[in-house]
Amino acid sequence: DAISLEQRDRFAEMSLQPRKITFMEVHLTNGCNLNCLWCSYFDSDKKLHLRFEDLDRIALFQPEEILIVGGGEPTLYRDGNKEFNEAILRLRELLPNTKLRLITNGTYVPQGTWQSAIDEVSVSLDSPSRRHYVVNKGADKFDTVLKNIFGEYLQKSSIEHVRVTMIYNRDNLDAAFVLARRL
């Protein structure tokens with residue numbers, strides 16, 4: 001069935017109108033400093049990162065909210081001489097009203113003023129104890145992550161919302177309750 005010229009013009013007009021983007025997930029890098037059992041992104045031979053200039057293109061969408069996450073650890077982002085701090089500050093400069101959320105493994109807290117530009121941090125602790133952490137994440141960084149949660153994010157930063165997430169299973173549930181009381 002052929003459409004009328006009027007219908008075609010109306011469709012074309014609708015297609016050219018910008019759509020409101022409410023949520024965008026941005027993967028800055030697939031580079032990571034852990035080797036989590038469940039990770040489907042891990043590929044040590046191929047490090048990929050978003051080009052710094054692509055942040056300007058992302059801003060054209062004017063999303064209400066951006067989740068900065070990765071198939072790697074976003075805080076390890078580097079593109080030439082631009083690092084995580086510069087990337088977050090650039091997003092904030094381009095998108096002053098966009099909610100910026102970060103999911104991090106918490107093993108590394110970059111230098112700079114980026115924390116003033118982030119609205120929420122979620123630290124993927126994913127384990128209730130050092131023993132579970134080493135098994136699940138392939139590195140002995142449990143104490144480092146706890147230090148960063150308590151020191152860097154909860155005490156020193158201006159980030160309004162700090163969350164700690166964990167993967168629960170029948171083997172760690174009891175230990176998870178002990179950790180939750182500690183947090």
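Shown above is the structure to which this text applies.
Since the model is a prediction, treat every value here as computed from it, not as a measurement.

A. Broad picture of the overall build of the protein. Scanning the protein from terminus to terminus reveals six helices and seven strands. The order of helices and strands in the protein, counted from the N terminus, is α-β-α-β-β-β-α-β-β-α-α-β-α. Per-residue burial for the protein yields a buried fraction of 41% across its 183 residues. For the protein, the proportion of contacts with a sequence separation of at least 24, taken over those separated by at least 6, is 71%.

B. Focus on the state of the cysteines. One pass over the structure, following the stated rule, counts zero disulfides. A disulfide-free cysteine, Cys36 has its sulfur positioned 6.0 Å from the sulfur of Cys32, the nearest such atom. For Cys36, a relative accessible area of 15% gives the class buried. Its sulfur unpaired, Cys39 is 6.2 Å from the next cysteine sulfur, which belongs to Cys36. On the accessibility criterion, Cys39 (32% relative accessible area) is partly exposed.

C. View of unusual backbone geometry. A positive phi angle is found at Gln62, which is not glycine, with a value near 50°. For Gln62, the position within the fold is in the loop between helix 2 (54–59) and strand 2 (65–69). Even without glycine at this site, Asp126 takes up a positive phi of about 65°. Along the polypeptide, Asp126 turns up in the loop between strand 6 (120–124) and helix 4 (130–137).

D. Main features of the side chain of Asn148. Following the sequence through the fold, Asn148 ends up in helix 5 (residues 142–156). Excluding its chain neighbours within four sequence positions, the residues that come into contact with Asn148 are Gly106, Thr107, Tyr108, Val109 and Tyr153.

E. A look at the nonpolar core. With 38 residues, the main nonpolar core has Leu28, Leu55, Ile66, Ile68, Phe84, Trp114 and Ile118 as its most contacted residues. Going through the elements one at a time, strand 1 (23–27), helix 2, strand 2, helix 3 (84–94), strand 5 (99–104), strand 6, helix 5 and helix 6 (173–182) are the ones with two or more residues in this core. Among the elements that take part in this core, helix 5 stands out by supplying five residues, more than any other. If sequence neighbours within four positions are ignored, Phe84 has contacts with Leu28, Ile68, Pro74, Thr75, Tyr77, Leu102, Pro110 and Trp114.

Calculation rules
Residues numbered from 1 in each chain as written. Predicted model: local features only at pLDDT ≥ 70, side-chain atom pairs only at ≥ 80, totals over all residues. Heavy atoms only, no water. Helix = DSSP H or I, 4+ residues; strand = E, 2+ residues; numbered from the N terminus. Buried < 20%, exposed > 50% of the residue type's maximum accessible area, 1.4 Å probe, protein only. Contact = heavy atoms within 4.5 Å. Disulfide = S-S within 2.5 Å. Core = buried A, V, L, I, M, F, W, Y, C linked by side-chain atoms within 4.5 Å.

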